[in-house]
Structures are given as structure tokens and as C-alpha cells.
Amino acid sequence: MSSPDLTLDANLAIALDALLAENSVTRAAARLHTSPAAMSRTLARLRRTLQDPLLVRAGQAMVPTPRALALREEAAAVVQRLGALLSPDTGIELATLRTTFTLQAADLVGAALVPGLLRLVEQEAPGVSFRLLAEELEAGPALRDGRIDLEVGSIDHVDPETRVEELVSLRMVAAVRPGHPLTEGTVTPARLAAAQHVAVSRRGRFTGPLDVALAEQNLRRRVGIVLPSHLAAMTLAARSDIVCLVPAALPGAAPSPLTADAFTLGLQLLDIPLTMPPVSVGMAWHPRHAADRAHHWLRGAIRRTLTDTREPHHVI
């Protein structure tokens, strides 16, 4: 006697569920939008596979065999699980989500994000935690390898597979301590260039867009120190006559949380009397996370946090 064929594909499982639910070849065929002849052939195949008649004639009707009755609930459960497996992910239970997201961001961006993210976690997803990394990894490979889930900040790398979304466009302003000489009188390009500056660069660069704008006026600023941290530069500015640059909202735009730490340190923000390019802050992620519902919530949380307008924002 030959051994039974144990290969049962998804279509057979669905057909078995329909036959056992309807106890009728005709009604099962209608349920699955196929012909009674095709369903009869499927029933014959199921009988060979399971070595049981499954449905037998009883007058004008068909009745299930004991084996069919034993399989009915399991067949329905299998089809339900198949449906869940092969259906789009349409939602997520944030209240029960347990995961840690790893973000890469400059310290100023991270400091602006964390309070808002923690508020959203407390309200919506208490099982979520975050790990913030400094801008030390090459973001493209790190996103690809899964070492980070999201990069937030100035996205300056070109990687065709990376998804990038611009979140907010900002401008740079000069931040100084109260009583700094630049707070008295009009800030001119010459006065700004004559002041001592701190530059922020993780690569140790002394120059940036402000130097280009000053050069167009035949001016050159004095950069006394380069620091890798925006927060360290703002702390230095709060304790000395050093000028540092801080991102702030464009005129007429909603306030930016990226200025919150400058106000916490008591710094005054001054308009720069030069034409400078805007600063774009965005987020980047690998496409494998594009449809993931937890990651979708993360991106929405970042988006909401960076457009939070609760912090005071005034530029002199």
C-alpha cells in the first residue's frame, strides 16, 4: 500500500475549510468563487491525501465523516492563521509594544528630541525605549546593517536605497551671553566677524557657511576653538564672550525645539545680517522598515516632536 501524499498546500487547506463548513460541494464552490466541477476535483484530491471520504451522501445532502468533524475546527483555525499571515499589517498595539529603537543624531538634535519622545512614550507606548548614538557611524552602512534604526539631523550622505524625509527647515542665528557687546547696537557683518567664535564640527573644521557669507563681504571671522558638540559650544558661549551658531525657526514659521537648550542656558539669539543657506533637518531609514508599523510610529513620533511649539522662542 502506497503512503499518503502529505503535501497540503494553502489552497487545499482553504478548500477543506469551505467544504467542511458548507457540507456541500456546490456551496463550497460558490464560497470560493470557483466551479462545482473544480471543487469536486479538489474534494477527490483531499480524499486521497487524507485517506478519508470526508463528505458522504445521505439522501439529497452530504454529511461529514467522523474524521471530517475532527478536522473542522483545525481547518478553520489554519485558514484564519493563513489569512493573518498573508494580510497587510494594518495596526499595532502600542500599549503592548516592547522594543528599543536606536537613533543616531547630533547632541543638539538628540537633546531636542528626547523630552518630546519620552512624553509620547509615556502617553502611547510605555514599553518603548531609545538608545541615542553620537554621529560616529557612517549612516548609510549603519542603517543597512541594522546598527541604527533611524538617523535624524542634517542628512548629507547619498545612498540611493535610503529613504529620506525632510522634517523642518531652519536658519542659523548667533547665540551670545546676556550683556555681550553684540547685544548693544546693530549687529553688522563687520562686528560679527570681529567677535570671537566657536565652530562646531565633528570633523574638526574651522570654516562653514558663515565664513562663505562673510568672505563675500571681504570679511573673515575669528574662530578661537572648534568643538564636536553643539551643547558644549553653547555652554562656552554662556560663560564667555564667544559667539556660537544655533539653529532657529525661519521667520514666520513655528518655533523650533532645537532652540530650547539655548534659552535654558540663558543665551540671547541674534539675527545674522547675511544671506545664508537654510539648514535642513530630516530623518533617514532603510527601506526594510518602510512598512513596519512600530517603525511607522517611531517616524511619526520624531515628526511630531520636531514640530512641537511648546518651547518659548524669541530672536532679538
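Residues numbered from 1 in each chain as written. Predicted model: local features only at pLDDT ≥ 70, side-chain atom pairs only at ≥ 80, totals over all residues. Heavy atoms only, no water.

Undergrad: Help me understand the packing of aromatic side chains, please; the structure alone is not making it clear to me.
TA: Aromatic rings considered in pairs are described by the distance between their centres and by the relative angle of their planes. Under the criterion given, the structure shown has 1 aromatic pair. Over the aromatic face of tryptophan 285 sits the side chain of arginine 299, whose NZ or CZ is 4.5 Å from the ring centroid. (Phe/Tyr/Trp six-rings, centres within 6.5 Å; stacked < 30°, edge-to-face > 60°. Lys NZ or Arg CZ within 6 Å of the ring centre and 35° of its normal.)

Undergrad: Please clarify how the side chain of arginine 299 should be interpreted in this entry.
TA: Of note, arginine 299 is situated in helix 11 (residues 293–306). Here arginine 299 occupies a buried position and makes no salt bridge, while the nearest side chain of opposite charge, glutamate 165, is found at 5.5 Å. (Helix = DSSP H or I, 4+ residues; strand = E, 2+ residues; numbered from the N terminus. Buried < 20%, exposed > 50% of the residue type's maximum accessible area, 1.4 Å probe, protein only. Lys, Arg positive; Asp, Glu negative; His and termini not counted. Salt bridge = Lys/Arg side-chain N within 4 Å of Asp/Glu carboxyl O.)

Undergrad: So what exactly am I meant to see when it comes to the packing of helix 5 (residues 107–124) against helix 9 (residues 230–238) here?
TA: When two helices pack together, their arrangement is captured by the angle between the axes and the distance separating the axes. Running from amino to carboxyl end, helix 5 crosses helix 9 at an angle of 95°, the nearest separation of the two axes being 7 Å. Between helix 5 and helix 9, the crossing angle belongs to the class labelled roughly perpendicular. Between helix 5 and helix 9, the residues in contact are Asp107, Leu108 and Ala111 and His230, Leu231, Ala232 and Met234, respectively. The class makeup of the residues in the contact of helix 5 with helix 9 is 5 nonpolar, 1 polar and 1 charged. (Axes fitted to C-alpha atoms, helices over the stretch in contact; angles between N-to-C directions. Parallel < 35°, antiparallel > 145°, perpendicular 65-115°, else oblique. Contact = heavy atoms within 4.5 Å. Nonpolar A, V, L, I, M, F, W, Y, C, P; charged D, E, K, R; others polar.)

Undergrad: It is not clear to me how the pairing of strand 5 (residues 150–153) should be interpreted in this structure. Could you clarify?
TA: Residues in a regular strand point their side chains to alternate faces of the sheet. Residues Leu150 and Val152 point to one face of strand 5 and Glu151 and Gly153 to the other, with burial holding for every one of them. Direction of pairing for strand 3 (residues 99–105) relative to strand 5: parallel, over a ladder of 3 bridges. Bridging from a neighbouring strand, glutamine 104 pairs with glutamate 151 of strand 5. (Pairing = 2+ DSSP bridges.)

Undergrad: Explain helix 3 (residues 36–50) here, please?
TA: In this model, helix 3 (15 residues) spans 21 Å end to end at C-alpha, consistent with the 21 Å of a helix rising 1.5 Å per residue. Within helix 3 the residues assigned to the buried category are Ala38, Met39, Leu43, Leu46, Thr49 and Leu50. Along helix 3, the residues classed as buried sweep out an arc of 140° about the axis, all on the same side. Opposite the buried face of helix 3, at more than 90 degrees from it, the exposed residues are Arg41 and Arg48. Positive backbone phi, at 55°, marks glutamine 51, one or two positions downstream of helix 3. (Expected span 1.5 Å × (residues − 1). Arc of directions from axis to C-beta.)

Undergrad: Would you explain the pattern of salt bridges in this entry?
TA: Any two side chains of opposite charge can pair, given that their charged atoms come close. Across all of its chains, the model carries 10 salt bridges by this definition. Here aspartate 211 and arginine 221 are joined by a salt bridge, their closest N and O atoms 2.9 Å apart. Of this pair, aspartate 211 sits in helix 8 (residues 209–215) while arginine 221 is found in the loop between helix 8 and strand 8 (222–227), placing the two residues 10 residues apart along the sequence. In this structure, aspartate 211 and arginine 221 share a single accessibility class: buried. What emerges from the salt-bridge pattern is a single network uniting Asp17, Glu22, Arg27 and Arg31.

Undergrad: Explanation requested: a nonpolar patch on the surface in the structure shown.
TA: Among the surface-exposed residues, Val114, Leu118 and Leu132 lie close enough to one another that they form a single nonpolar patch of about 220 Å² accessible area. Along the chain, valine 114 turns up in helix 5. (Patch = residues over 30% accessible without salt bridge, like charges linked within 9 Å, V, L, I, M, F, W, Y side chains within 5 Å. Areas by Shrake-Rupley, 256 points an atom, 1.4 Å probe, with all protein chains shown as cover.)

Undergrad: Got a minute to help me understand the environment of proline 247 in this structure?
TA: Along the chain, the position of proline 247 falls in strand 9 (residues 244–249). Note: C-alpha distance between proline 247 and valine 281 (34 residues apart in sequence) is 9.9 Å. Ignoring any residue separated from it by four or fewer positions in sequence, one finds proline 247 in contact with Leu108, Leu170, Arg171, Met172, Leu258 and Thr259.

Undergrad: Would you take a moment to explain the pairing of strand 9 for this structure?
TA: Counting buried positions over the 6 residues of strand 9 gives 6, a clear majority of the element. One ladder, built from 6 bridges, connects strand 6 (residues 163–176) with strand 9; its direction is antiparallel. If you follow alanine 175 over to strand 9, its bridge partner there is cysteine 244.

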